[in-house]
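Residues per chain are reported as follows:
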Amino acid sequence: MSGKRVVTLTINGDQTEVLCEPRQTLLEVLRNNLDFTGTKEGCSNGNCGACTVLMDGRPVVSCLVLAVEAEGAELRTIEGVACGSHLDEVQSAFLEGAALQCGICTPGFIVQTEALLAENPNPSEDDIRFYLAGNLCRCTGYDKIVRAVQAAAEKRQVARSV
Amino acid sequence: MHAFDYQAPTTVAEAIQLLAKHNGTARPLAGGTDLIDQMRVGRFAPEVVIDVKKLKELNVLSVDADGLHVGAAVPCYRIYSDETVNSQYTALADSCHIIGGIQIQSRASIGGNLCNSGPAADSTPSMIALGGVCVITGPDGTREVPVESFCTGPGKNVLKPGELLVEVRFPTRPANSGSHYRRMIPRNEMDIAVVGVGASVVLDASGQKFASARIALGAVAPTPLFAQAASALLAGQPVNDETLDKAATAAREIASPITDMRGTREYRIHVTGVLVKRVLQAAVARARGEDIGYCRGH
Ligand SMILES: Cc1cc2nc3c(=O)[nH]c(=O)nc-3n(C[C@H](O)[C@H](O)[C@H](O)COP(=O)(O)OP(=O)(O)OC[C@H]3O[C@@H](n4cnc5c(N)ncnc54)[C@H](O)[C@@H]3O)c2cc1C
Ligand code: FES
Ligand code: FES
């Protein structure tokens, strides 16, 4: 019924159970029920990409997913990107390249970049702009974000070749 | 969001039964990229949401003697990652690359795009151009409706209460054929079409004459349109500017767009002609095996 139900899913490698209502979006449940507040809410209508998470390896906007749809899913959120206190290449490239100002868009950009680099380890500037077109940033003007993604891709390529 | 029940049936029969049981108060959920937002803003308040992504018939993406079968719930990224779609049903791949950004394409389906029945839906003109047929199942059995007859008005279509779109089937592509979809938007990506045009052409063996063509228009009428007269006049004609101009003129004649913030009526009619010509040129080039230098999704 429209009452609560238990959803079992894996978040960043850990299996979790959560009690939620069908009307709750995955974004709401991540933030409000599970305290994964790294995933941000910008628009709540699929346009800004701030709420991007990887669901079974594919980037999705979690504001347009019902939490009950995530039954059995493997999620990766921004909290699963760093390894302990060790930032990954994308995170450090954003930091070093000043690819953020207020930072509300950053978790979404980083998760989306992880999806891009998994699919295409050596993207052109055009590939990057196209793949990140579903992520909006009001502060940076995008150029620094694109450069940070290029830097992260290079660093990862070098790391892989040694 | 309002409170509702969520069901995820695993057979079409079960889904139909659920839809029938909740006559008119249940809604199918595919990728949710239209429906979840529509529920959030209160435009729709179904009592039951029926997730159709676990139905195997709606996840089919395969080719057989009848042609290409695309399950109604198959998301865009699977469609444009498919080798056959890319090489033979190229207009459909073009459309799927355009719907939203990558995140939206992970979930958005062509079934949802069609059933949402927006005048500017980007996959509908391609489906019309490629001769798509909707396979619909309901309490009274299965029926087929050509894509161009599916939408009946903005947000309206031929589905009766209790009916589900199962798949869209496309006929086998003939030799010397090519197709393309393109839309006019003021940005490079993530926008709603000012005008969208899909076309499929079949050339004669020499590659110099049209054997047949199908042209479809989006965002210029309350529903996507099959440009029948413009399509028919191409048969037997040489591929040249004069022929393409005739088709563009005939297509403009059936456009009855509105004026809104994206463009005036006059502008949309003008753009219809320009796009019809360009899309036909690209479809012809593809039919000849030439590279059209088109950058996907732009
Ligand atoms: C940020 C953003 C950008 C977008 N950009 C574009 C764009 O560029 N071009 C474009 O055309 N659209 C765009 N859309 C709209 C939307 O993504 C598409 O219309 C998409 O194809 C809908 O598919 P879905 O699977 O998500 O449908 P859903 O939201 O699941 O369903 C849509 C409607 O169809 C009904 N339905 C779904 N499946 C069936 C079925 N099998 N049988 C009967 N009824 C069914 C549902 O009940 C609902 O009413 C965008 C949306 C967002 C949020
Ligand atoms: S909050 Fe989900 S896309 Fe903006
Ligand atoms: S850094 Fe502020 S929105 Fe991107």
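Residues numbered from 1 in each chain as written. Chains lettered and ligands numbered in written order. Predicted model: local features only at pLDDT ≥ 70, side-chain atom pairs only at ≥ 80, totals over all residues. Heavy atoms only, no water.

J.: Please set out a nonpolar patch on the surface residue by residue, giving values where relevant.
T.: There is a patch of nonpolar side chains on the surface, built from Leu87, Leu95 and Leu100 of chain A and spanning about 250 Å² of accessible area. Tracing the sequence through the fold places Leu87 of chain A in the loop between β5 (74-76) and α2 (89-96). (Patch = residues over 30% accessible without salt bridge, like charges linked within 9 Å, V, L, I, M, F, W, Y side chains within 5 Å. Areas by Shrake-Rupley, 256 points an atom, 1.4 Å probe, with all protein chains shown as cover. Salt bridge = Lys/Arg side-chain N within 4 Å of Asp/Glu carboxyl O. Helix = DSSP H or I, 4+ residues; strand = E, 2+ residues; numbered from the N terminus.)

J.: Go over the nonpolar core, please, and point to the residues and values.
T.: The tendency in soluble globular proteins is for nonpolar side chains to be buried side by side. Phe94 of chain A together with Leu58, Val70, Leu92, Leu114 and Phe170 of chain B are the most contacted members of the largest nonpolar core, which has 109 residues in total. The residues touching Leu58 of chain B, leaving out its near neighbours within four places in the chain, are Val12, Val52, Gly71, Ala72, Ala73, Val74, Leu164, Leu165 and Val166 of chain B. Counting 31 residues, the second largest nonpolar core, distinct from the first, contains Val195, Ala199, Leu275 and Val276 of chain B. (Core = buried A, V, L, I, M, F, W, Y, C linked by side-chain atoms within 4.5 Å. Buried < 20%, exposed > 50% of the residue type's maximum accessible area, 1.4 Å probe, protein only. Contact = heavy atoms within 4.5 Å.)

J.: Could you give me a rundown of the sheet that holds strand β12 (residues 195-203) of chain B, with the residues and numbers involved?
T.: Residues and elements named next belong to chain B. Overall, antiparallel pairing links the 4 strands, which are arranged β11-β12-β13-β14 in an open sheet. In this open sheet, the two edge strands, each paired with only one partner strand, are β11 (177-184) and β14 (225-226). Strand direction decides the pairing type here: strand β13 (residues 210-218) and β14, joined by 2 bridges, are antiparallel. Its bridge partner being in β14, Ala216 is matched across the sheet by Phe226. Relative to β13, helix α10 (residues 241-254) is tilted by about 35°, and along the sheet it contacts β13 and β14. The sheet contacts of helix α11 (residues 265-287) involve β11, β12 and β13, and relative to β12 the element is tilted by about 35°. (Pairing = 2+ DSSP bridges. Axes fitted to C-alpha atoms, helices over the stretch in contact; angles between N-to-C directions.)

J.: Can you break down the domain arrangement of chain A residue by residue, with the values?
T.: Residue and element names in this part refer to chain A. Taken as a whole, chain A is organised into domain 1 (5-80) and domain 2 (89-161). Every contact between the two is made by 15 residues of domain 1 and, on the other side, 14 residues of domain 2. The tally of links from domain 1 across to domain 2 stands at 1 salt bridge. A salt bridge links Arg58 to Glu119; the nearest nitrogen and oxygen atoms lie 3.7 Å apart. For the pair domain 1 and domain 2, the number of links is 3 residue pairs in polar contact (both at pLDDT 80 or more). (Domains from an automatic or database assignment. Polar contact = N/O pair within 3.5 Å; in protein donor to acceptor, adjacent residues only side chain to side chain.)

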